[in-house]
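# Report on the structure
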Amino acid sequence: MPEEKKRKYRSSAWFAKPDKDGFIHRSWVGRGLPEGIFDGRPIIGICNTWSELTPCNGHFRQLAEHVKRGVWEAGGVPFEFPVMSLGETSVRPTAMLFRNLASMDVEESIRANPLDGVVLLCGCDKTTPSLIMGAASCDLPALVVPGGPMLNGKFRGADIGSGTDVWRFSEEVKAGAMSLKEFMQAESCMSRSTGTCNVMGTASTMASMAEALGLTLPDNAAIPAVDSRRYAQAHLAGRRIVSLVQDDIRISQILTRAAFENAIRVNGAVGGSTNAVLHLLAIAGRVGVPVTLQDWDDLGRTVPTLVDLMPSGRFLMEDFYYAGGLPAVIRTLGEHGMLNRETMTVNGQTIWENCRNAPNFNHEVIRPIDRPLAAHGGIAVLRGNLAPQGAVLKPSAASRDLMRHRGRAVVFESIEHYNARISDPTLDVDKDCVLVLKGCGPKGYPGMAEVGNMGLPPKVLQTGVTDMVRISDARMSGTAYGTAVLHVAPEAAAGGPLALVRDGDMIELDVEKRRLHLDVSDEELAKRRAEWRAPDAKLPPGGYARLYIEHVQQADLGADLDFLVGCRGHDVTRESH
């Protein structure tokens, strides 16, 4: 039998040539490496979102070193490279404005460089979708390593959740139930280690989505950032990416329609963030998989919320991992016909093979299917004359008594109007009103603001009320809770019906019927539309923000830039010299 011809990888177009171009690539890139290292073995990129301005990802330099060990061990050559890092708590005006920009950074960095496969180090909220989006647009073998959540917060003998308890404490201060001194004392007690938010916020949701999609090794989503097992998994990921390159298993082979269906159902089971809707729609758009906003309702409506984690429940991510983590949840879904069992994952096995024997060590944290936290979890997609293209609500975090509600609108035209008006003691508002916030969508903010928990008026809080119906074209933090209708599309700045709502209008919400209705006649709405003028957009004179405003899609499509949708591949035929 003749010897099998050795496969040539993409990087050979840089390193294998016996000419001046090959000389340049080997000599410059190979500094400090032994002669002959570029002998045809796979070149692996480690896409790192480490930054001191992104403390959630503060341990990624160490994580990358463990990935490198695995790559070397498996016969590859690792090269770490930085991409734009997005720290959710600090980036202004909102990290979501830059998700698409970061994805462009990832895409072009992968395509432009001599890489055969890539490991994506993902942590804080937008870093996970942006890295997956960028990698998907190139379609090389790729594998996600989540950074993991921080340790449980501890304050006065009790666990506290990052984000979730910030909103709670803030409302208690407004209501006079907590002093400002006590509020300040909780700061250092909440964030006790590196890692992402320790609740089922957007970061942990997206780590769970990456695992449910099949992009991580099993049991990766919930391992705490400072747990030694996190680093062991990074080592294994370094090994595995080399095998993915050798077998030419590309990200498009993992990101199938069936995989997205699994992720949507898993999101319902874990009580995941509404922000996952935007991110999965955008990721699906990059690989050309048909996923729509309505799929979130159709697939997730009958899925019970099994994980009793803040903000929907009681526990935190550390507890979730010790209870069995995501594999235990996936096993339950698979045993009850809510899982596409044959979807392939990056470890070469199906999702069912990975999870079918997963143990559940704590049935309070991960509940049995006959005792769920919420019988109908998932994401409710609402429609009506107020949201013709859709809006979303997270039932597991909402108040049951507000799921069917009719109330008088109290309208805020912008976030500045809200901030100036919400604490006014003369504000005409009561517990039955519906708070309406405009101007916070993709174009209007710009970037689609995250409005925290969209706090209630102090005069209402002081009566003991803790929730009201809130409606906005904004996003809400995945750590937040309450009966919030979000992502209203079209947004107000794009001339959607939300722009026409006025103080005193009656609004009807019926989650069971998936209805969101503005009780104003068509004639009156037509009159208002004729009178409506788009707010002064105050477009920046140039730069990325202007590009974003001119090209961003609406929330029901994932808020990607229109020219980024689709896969552009990884071929670059022209030399650099």
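Residues numbered from 1 in each chain as written. Predicted model: local features only at pLDDT ≥ 70, side-chain atom pairs only at ≥ 80, totals over all residues. Heavy atoms only, no water.

The subject of this paragraph is the pairing of strand β4 (residues 142–146). Taking burial as the measure, the five residues of β4 include five buried ones, the bulk of the element. Here β4 shows a buried face lined by Ala142, Val144 and Pro146 and a second buried face lined by Leu143 and Val145. Sheet analysis places strand β3 (residues 117–122) next to β4, joined by five bridges and oriented parallel. Each bridged residue has a counterpart across the sheet, and for Leu120 the counterpart in β4 is Val144. Between the parallel pair β3 and β4, the chain is carried across by helix α5 (residues 127–138), and the sense of this crossover is right-handed. (Buried < 20%, exposed > 50% of the residue type's maximum accessible area, 1.4 Å probe, protein only. Helix = DSSP H or I, 4+ residues; strand = E, 2+ residues; numbered from the N terminus. Pairing = 2+ DSSP bridges. Right-handed = clockwise from strand over helix to strand, strands pointing away.)

For the rest of this paragraph, the subject is helix α2 (residues 20–29). Taken together, the buried positions of α2 are occupied by Asp21, Gly22 and His25. The buried residues of α2 occupy an angular sector of 100° when the element is viewed end-on, so they sit on one face. Among the exposed residues of α2, those oriented more than 90 degrees off its buried face are Lys20, Phe23 and Trp28. Taken together, the buried residues of α2 touch α1 (12–15). Where α2 begins, one side-chain oxygen reaches toward the backbone nitrogen of Asp21, 3.2 Å away; that side chain belongs to Asp19. (Arc of directions from axis to C-beta. Contact = heavy atoms within 4.5 Å. Polar contact = N/O pair within 3.5 Å; in protein donor to acceptor, adjacent residues only side chain to side chain.)

Further remarks concern the state of the cysteines. Evaluation of the coordinates by the stated rule reveals zero disulfides. Counting only cysteine sulfurs, Cys122 is the nearest neighbor of Cys47, a cysteine outside any disulfide, at a range of 7.5 Å. Left without a disulfide partner, Cys138 is nearest to the cysteine sulfur of Cys567, which lies 7.3 Å away. Its relative accessible area of 0% is what places Cys138 among the buried residues. (Disulfide = S-S within 2.5 Å.)

This brings us to the nonpolar core. One finds Leu255, Phe260 and Phe320 to be the most contacted residues of the largest nonpolar core, which totals 124 residues. The residues touching Phe320, leaving out its near neighbours within four places in the chain, are Met200, Ala222, Val307, Leu309, Gly325, Leu326, Val329, Val365 and Ile366. Within the second largest apolar cluster, 29 residues are counted, among which are Ala380, Ala391, Val501 and Ile507. (Core = buried A, V, L, I, M, F, W, Y, C linked by side-chain atoms within 4.5 Å.)

Turning to the sheet that holds β3, a few remarks are in order. The four strands lie next to each other as β2-β1-β3-β4, forming an open sheet whose pairing is parallel. The sheet terminates laterally at β2 (77–82) and β4, the two strands that pair on one side only. The sheet shows a mean angle of 20° between the axes of neighbouring strands, direction not considered. Examined bridge by bridge, strand β1 (residues 43–48) and β3 share five bridges and lie parallel to one another. Its bridge partner lying in β3, Ile46 is registered against Val119. Of the strands in this sheet, β1, β3 and β4 are in contact with helix α10 (residues 228–246), which crosses β4 at around 175°. (Axes fitted to C-alpha atoms, helices over the stretch in contact; angles between N-to-C directions.)

Okay, the layout of surface pockets next. The computed volume of the second largest pocket comes to approximately 590 Å³. The wall of the second largest pocket is formed by 23 residues, among which Gly439, Gly444, Ala493, Pro535 and Asp536 lie closest to the centre. Each residue belonging to the lining of the second largest pocket can be placed in one class, and the counts come to 14 nonpolar, three polar and six charged. (1 Å grid on protein atoms, 1.4 Å probe; cavity = no way out; pocket = protein on both sides within 12 Å on 5 of 7 lines; lining within 4 Å. Points joined across faces, edges and corners; volume = space filled by probe spheres on them. Nonpolar A, V, L, I, M, F, W, Y, C, P; charged D, E, K, R; others polar.)

So, about α10. Taking 1.5 Å as the rise per residue, α10 with 19 residues should run 27 Å; its terminal C-alpha atoms sit 28 Å apart, in good agreement. If you check which residues of α10 are buried, you get Arg230, Tyr231, Gln233, Ala234, His235, Ala237, Gly238, Arg240, Ile241, Val242, Leu244 and Val245. Phi turns positive one or two residues past the end of α10, at Asp248, with a value near 55°. (Expected span 1.5 Å × (residues − 1).)

This part takes up the packing of aromatic side chains. Taken as a whole and assessed by the stated rule, the structure comprises seven aromatic pairs. Seen in terms of ring centroids, Phe38 and Phe79 are 6.5 Å apart; in terms of plane orientation they differ by 10°. Their pairing is stacked. With Phe38 in the loop between α2 and β1 and Phe79 in strand β2, this residue pair connects regions lying 41 residues apart in the sequence. Looking at Phe38, the relative accessible area reads 16%, which means it is buried. Among the aromatic residues, those joined into a cluster by ring pairs are Phe15, Phe38 and Phe79. Above the ring of Trp50, the side-chain terminus of Arg61 is found at 3.6 Å from the ring centroid. The ring of Trp352 carries Arg341 above its face, with NZ or CZ at 4.0 Å from the centroid. (Phe/Tyr/Trp six-rings, centres within 6.5 Å; stacked < 30°, edge-to-face > 60°. Lys NZ or Arg CZ within 6 Å of the ring centre and 35° of its normal.)

Geometric descriptors of this kind do not, in isolation, establish any biological role.
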